[in-house]
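Commentary on secondary and tertiary structure
So you can see what is in the structure, the chains are spelled out below.
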Amino acid sequence: MQEKYPFHEIERKWQAWWEQEQTFRCDTHDTTREKFYCLTMFPYPSGSMHVGHGRNYIMGDVLTRYKLMRGFNVLSPMGWDAFGLPAENAAKTRGVHPKTHTIGNIAHMKEQIRSWGVGYDWSREIATCHPEYYRWTQWIFLKLHEMGLAYRKAAPVNWCPLCTTLANEEVTAEGTCDRCGRPVEKRNLEQWFFKITAYAQRLLDDLETIPKWPEKVRQMQANWIGRSEGARVDFALSETGDPCPVFTTRPDTIYGVTFMAVAPEHPLLQKLLPGSPNEQEVRAFIDHQLKIPAAERAAENALKEGVFSGFHVTNPYNNEKVPLWVTNYVVMEYGTGMVMAVPAHDQRDFDFARHYQLPVKVVIQNAEGSLVAESMEDAYVEDGTMTASAPFDGRPNREALTEIVAYGKERGFADFTVNFRIRDWLVSRQRYWGCPIPIVHCDACGAVPVPEDQLPVLLPDDVEFQSEQGNPLARHEGFVNTTCPKCGKPARRETDTLAQWLCSCWYFLRYVNPRDTTQPFDTGDIAHWLPVDQYIGGVEHAVLHLLYSRFIVKVLHDAGCCPFSEPFEALFTQGMICKKAEDGKLYKMSKSKGNVVSPDQLIADYGADTLRLYTLFIGPPEMDAEWQDAGIQGPYRFLGRLWRRVWESRDMLRDTPVQPDLHAMARPERDLYRKLHQTIRNVTDAIESGFRFNTAIAQIMELMNALDALKAEALETPQARAVFRQTLSDMVRMLAPFTPHVAEELWVELGNPAGVMKAGWPAVIEAALEADTIEVVLQINGKVRGRIELPADASREDMERAALADPQVIRHLEDRQVRKVIVVPGRLVNIAAG
RNA sequence: GCCAGAGUGGCGGAAUGGCAUACGCAGCGGACUUAAAAUCCGCGGAUGGCAGCACCAUCGUGGGGGUUCGAGUCCCCCCUCUGGCACCA
């Protein structure tokens, strides 16, 4: 052993040892031990990582190592979400083939992960761009196709000039591209969709079955799914009889409808307009609206505008004819794209009605009966009594609501219905570097699925990237031209590729049998290993990867090849690591802000264990944290101190044959021994009860302080030495998940055989926690006025008597009357005095 | 607007209704050293009484109320910040 903490040497040494020993190799068929599937979201291989990325992997590694020490059979795999646009852009700008680019990035990132000391079962490594993997992604596509859940349709879709088509989930609330930040436009294109809407209710309901997910993520998904209960009411166009169904959550206001509002995109308008009296004016309005970018149109205070269409609709409840207005405040994507407007009881309709001087009709009266349409300044949206509503007058509106729908249902023009906000998932992309969609287009047979035994549809390597526009795959004659699997005639391959989200929404199944060439996963094996016991990743995937994965697993469940219907039992979403940029403000680490901290230099200067310790110590793991360069000193000093303690006492540690014996201990070592077991209890609890790694580490640091408080002269006795040694030894074991290299090294230095994780997690000795005396806090009116030492078994009466006899207490009680004495056994005495 | 989460020393942060500021950073004082670094020991919320110390008092967890013997913690109202949803009918 050397005096100075040689982190370089020991980190290399133990990383090699773990590989050699196959410490993280998982035998998935070993059922003698309880299984634990610990999964950290696999990354897109972007090239290099900063310390913020490391937070993920380190936390997963802590849990993996801890569970291994507790005797679990742990599956901890890693892989690469390897398809994606940056690789394709590199091909365009730098002439590097996406495959070469990706392979190079993977190699570098793997090395970074290794240098962090993060352990995985690399024999299970997968990359989604590997044909043996994407073959099965294609298989899943075909499964959905077979089940009628994959379909192609022409629709206005989100279009990013760089990233091509986008799913709704990839567009931010500001109407920009989630990946590159460019404004998103609408384009009419024929695209592939997955019917996620068919699973909306189950995706919502089953959120109840995953309580170990963060509440925040479950709410984000519930918001996104956006379930809304209400009614469908069939209005009809007065002039032509065309059906005009609307969705409303307020059927109780049906008699207050004074106009109908329709979205500019509504297809009915295109049918009605030609030759109609207001055609010019209406067309001008529609054309103008369609040119306004989505983001702007949705802007908060956008003025409500509209134009009378020249047509009317008839309200089936009272046969009243009301005008049909084309407006900018009704969105085509939600409901039916048409809204029954009730200005008296809806603020938006009210604003619009006042602006265009349309009638306002009160149908729900407040308790005072004071609502008068002419004088209202805002819509009345509270509950009240029905009025001017023919058969329902006088009824409380909430009760009438169901009666009104039932009334319409009997007569066939209304029904109860549920509306969802979520839209079908657009999965096709006009790019090369993705999983080819296994479909062939035949003039005679249409879109024909490629037979399963012909998978994978291989992505050709020899493509031309330099051209400016379009998908390089579509220009590859050899790929495009094929024959129809059905009729054998010449046909064209689908040239769109799948969104990478589809590649990543089943990878956790593949890890169990990663090299199986006969099936995507083994139903029996995944039944044992899944759901994932602990999933770790970023909250930014809340309505993307995490929602898609839940959907695909439910589909596979319905297909009969997946026995469970939720993939992730527990989810942990870690906070981002931020750093102050040039402008002095805090941002998440990014190249553009110039505030990234690379792990490589820190590992060179301080070692991986120090970096790990600081990353974990920085704050509560679920919260964002600020990286402070100077902060790394603390963990570095701590590990140096630990090393030095073992170095200084190495002779003594070897010459202490005695085991700790509670009955033989003197006060100083007895106190340390108690502190040791309190620490074991608290650290165990901090890990088990929710990733509280920062406080776990603080506890171990406190133990170190207590160890140092034991002065040299106190170490003369064999018992003191035995406790000292035991404390160091257990401290090293507790540190093994956090700082594995130094723990391994010191474990050997303490005279143990190599492999600290095999030594197991230290156990709490209950008897060691007990104390002879307790410190009792004395309060007067809730203020601390002193503290006394009492025997641990002091009764309430003993405590009260001792408190009232305390000189400090007597002094403070001068001129005061004791009104009440509260005694909390073992803790404190509070005297209420006046 | 609706729904979450957060607000505690100079800083990152800790606290099952029971000692506010654990642990760490930065800072200050001391030891060691020719010196520095490293290390070791110690101090450390604010204000006031005092020349200063010891000591003592008052205030103190975004603001204002409340419940309680006792509130950072529970309840009500409000402010600020972060995230999600949003002309969603």
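Because the structure is predicted, anything quoted here is derived from the model rather than measured.

1. Thoughts on the overall build of chain A
Of the regular secondary structure elements, chain A holds 28 helices and 33 strands. With the principal axes as the frame, chain A shows a C-alpha extent of 105 × 85 × 55 Å. The long-range share in chain A, meaning contacts at least 24 apart out of those at least 6 apart in sequence, stands at 72%. By element, 50% of the accessible surface of chain A is carried by carbon and sulfur atoms, the whole surface being about 36500 Å². Counting 92 positive and 110 negative side-chain charges, chain A places the centres of these two groups 2 Å from one another.

2. Regarding the side chain of Arg-135
With respect to the helices and strands, the residue Arg-135 is situated in helix α5 (residues 131-146). Apart from the residues within four sequence positions on either side, Arg-135 is in contact with Leu-455, Pro-456 and Thr-517.

3. Examining the protein's contact with RNA strand B
Lining the immediate surroundings of RNA strand B are 54 residues, of which Tyr-334, Arg-348, Arg-421, Arg-787 and Arg-827 lie closest. Near the protein, meaning within 4 Å, the atoms of RNA strand B are sugar or phosphate in a fraction of 65%, with bases accounting for the rest. Contact between RNA strand B and Gln-219: a sugar or linking oxygen at 3.1 Å from a side-chain N or O atom of the residue. Contact distances for RNA strand B include 2.8 Å between a sugar or linking oxygen and a backbone N or O atom of Ile-618. Per-class residue counts for the surface near RNA strand B are 22 nonpolar, 15 polar and 17 charged.

4. Here's the deal with the domain arrangement of chain A
Taken domain by domain, chain A consists of domain 1 (31-41 + 75-111 + 120-223 + 423-573), domain 2 (228-419), domain 3 (631-768) and domain 4 (773-833). Of note, the centres of domain 1 and domain 2, computed from C-alpha atoms alone, are 40 Å apart.

5. Points about helix α22 (residues 667-688)
Counted at 1.5 Å a residue, the expected span for α22 with its 22 residues is 32 Å, and the 32 Å between its end C-alpha atoms agrees. Gly-690 sits one or two residues past α22 and shows a positive phi near 115°.

6. Let's talk about the pairing of strand β11 (residues 306-314)
With seven of nine residues buried, β11 is to be regarded as a mostly interior element. In this structure, β11 lies alongside strand β12 (residues 321-327), joined through six bridges in antiparallel fashion. Residue Thr-314 lies in a different strand from β12, and its bridge partner there is Lys-321.

7. Brief notes about the packing of aromatic side chains
By the definition in use, this model includes 47 aromatic pairs. On the numbers, 6.3 Å between centres and 80° between planes, the contact of Phe-7 with Tyr-636 is edge-to-face. With Phe-7 in helix α1 (residues 7-21) and Tyr-636 in helix α20 (residues 633-648), the pair connects residues that are 629 residues apart, well separated along the chain. By relative accessible area, which is 8% here, Phe-7 ends up buried. A network of ring pairs unites the aromatic residues Phe-141, Trp-192, Phe-194, Tyr-199, Trp-425, Trp-501, Tyr-548 and Phe-551 as a single cluster. Positioned above the aromatic ring of Phe-72, the side-chain terminus of Lys-67 is 4.6 Å from the ring centre. Here Arg-493 stacks its cationic end above the ring of Phe-479, 5.8 Å away from the centre of that ring.

8. Considering helix α17 (residues 545-558)
Structural remark: α-helix, 3.6 residues per turn; residues separated by three or four positions point the same way. With 14 residues, α17 ought to run about 20 Å at 1.5 Å a step, and its terminal C-alpha atoms sit 20 Å apart, in line with that. Where burial is concerned, most of α17 is hidden: twelve out of the 14 residues are buried. Two residues or fewer after α17 comes Gly-560, characterised by a positive phi angle close to 85°.

9. Topic: the environment of Arg-218
Along the chain, Arg-218 falls in helix α7 (residues 215-225). With twelve residues separating them along the chain, Arg-218 and Asp-206 place their C-alpha atoms 10.0 Å apart. Setting aside residues no more than four positions away along its own chain, Arg-218 makes contact with Leu-207, Ile-210, Pro-211 and Trp-213.

10. Describing the environment of Glu-626
By secondary structure assignment, the location of Glu-626 is in strand β29 (residues 625-626). Residue Glu-626 is classed as partly exposed on the basis of its relative accessible area of 26%. Spatially, the C-alpha atom of Glu-626 lies 8.7 Å from that of Met-576, the residues being 50 residues apart in sequence. Once you skip the residues sitting within four places of it in the chain, Glu-626 turns out to touch Cys-578, Lys-580, Leu-586, Tyr-614 and Ile-618. A distance of 3.3 Å separates a polar atom in the side chain of Glu-626 from a polar atom in the side chain of Lys-580.

11. Let's talk about the packing of α1 against helix α25 (residues 740-749)
Interhelical geometry of α1 versus α25 gives an angle of 90° and a closest axis separation of 9 Å. One way to sum up the angle between α1 and α25 is to call them roughly perpendicular. Between α1, through Ile-10, Glu-11, Lys-13, Trp-14, Gln-15, Trp-17 and Trp-18, and α25, the contact on the second element is made entirely by Pro-740, His-741, Val-742, Glu-744, Glu-745 and Val-748. Classifying every residue of the contact of α1 with α25 by side-chain character gives seven nonpolar, two polar and four charged.

Calculation criteria
- Sequence order as written defines residue numbering, which begins from 1 separately in each chain.
- For naming, the first written chain is A and the first written ligand is 1, with later ones following in the order written.
- A pLDDT threshold of at least 70 governs which residues receive local features in this predicted model, and a stricter bar of 80 or more applies before side-chain atom pairs are shown or counted, although totals over entire chains, interfaces and linings include all residues.
- Side-chain measures were taken over the full set of non-hydrogen atoms in the model, leaving aside hydrogen atoms and water.
- Secondary structure is summarised from DSSP: a helix means a run of H or I of at least four residues, a strand means a run of E of at least two, and numbering begins at the N terminus for each.
- Whether two residues touch is decided by their heavy atoms; if any such pair falls within 4.5 Å, the residues are in contact.
- Each accessible area value is a Shrake-Rupley result obtained with a 1.4 Å probe; residue values ignore everything except the protein chains displayed when judging cover.
- Under the counting rule used here, the positive set is Lys and Arg, the negative set is Asp and Glu, and His together with the chain ends is not counted.
- To locate a charge, take atom NZ for lysine, CZ for arginine, CG for aspartate or CD for glutamate.
- Only a single heavy atom is needed: when it lies within 4 Å of a molecule or strand, its residue is near that molecule or strand.
- What qualifies as a polar contact is a pair of N or O atoms within 3.5 Å, subject to a donor-acceptor requirement within protein and to the restriction that residues adjacent in sequence count only when both atoms come from side chains.
- Any residue outside Ala, Val, Leu, Ile, Met, Phe, Trp, Tyr, Cys, Pro, Asp, Glu, Lys and Arg is labelled polar, Gly included; the first ten of those are nonpolar and the last four are charged.
- Where each domain begins and ends is defined by an automated method or by a domain database.
- Here the expected span of a helix is defined as 1.5 Å times the quantity of residues minus one.
- The rule is simple: take the accessible area with a 1.4 Å probe, protein chains only, and divide by the maximum for that residue type; under 20% is buried, over 50% is exposed, in between is partly exposed.
- Whether two strands pair comes down to DSSP finding at least two bridges between them.
- In this scheme Phe, Tyr and Trp rings, the latter by its six-membered ring, pair at centre separations within 6.5 Å, and the angle between planes marks the pair as stacked below 30 degrees, edge-to-face above 60, and tilted otherwise.
- Definition used: whenever NZ (Lys) or CZ (Arg) falls within 6 Å of the ring centre and also within 35 degrees of the ring normal, the charge is taken to sit over that ring.
- Throughout, an axis means a line fitted to C-alpha atoms (over the contacting stretch in the case of helices), and angles, computed between N-to-C directions, take values from 0 to 180 degrees.
- Should an angle lie under 35 degrees it is considered roughly parallel, over 145 roughly antiparallel, and from 65 to 115 roughly perpendicular; all remaining angles are considered oblique.

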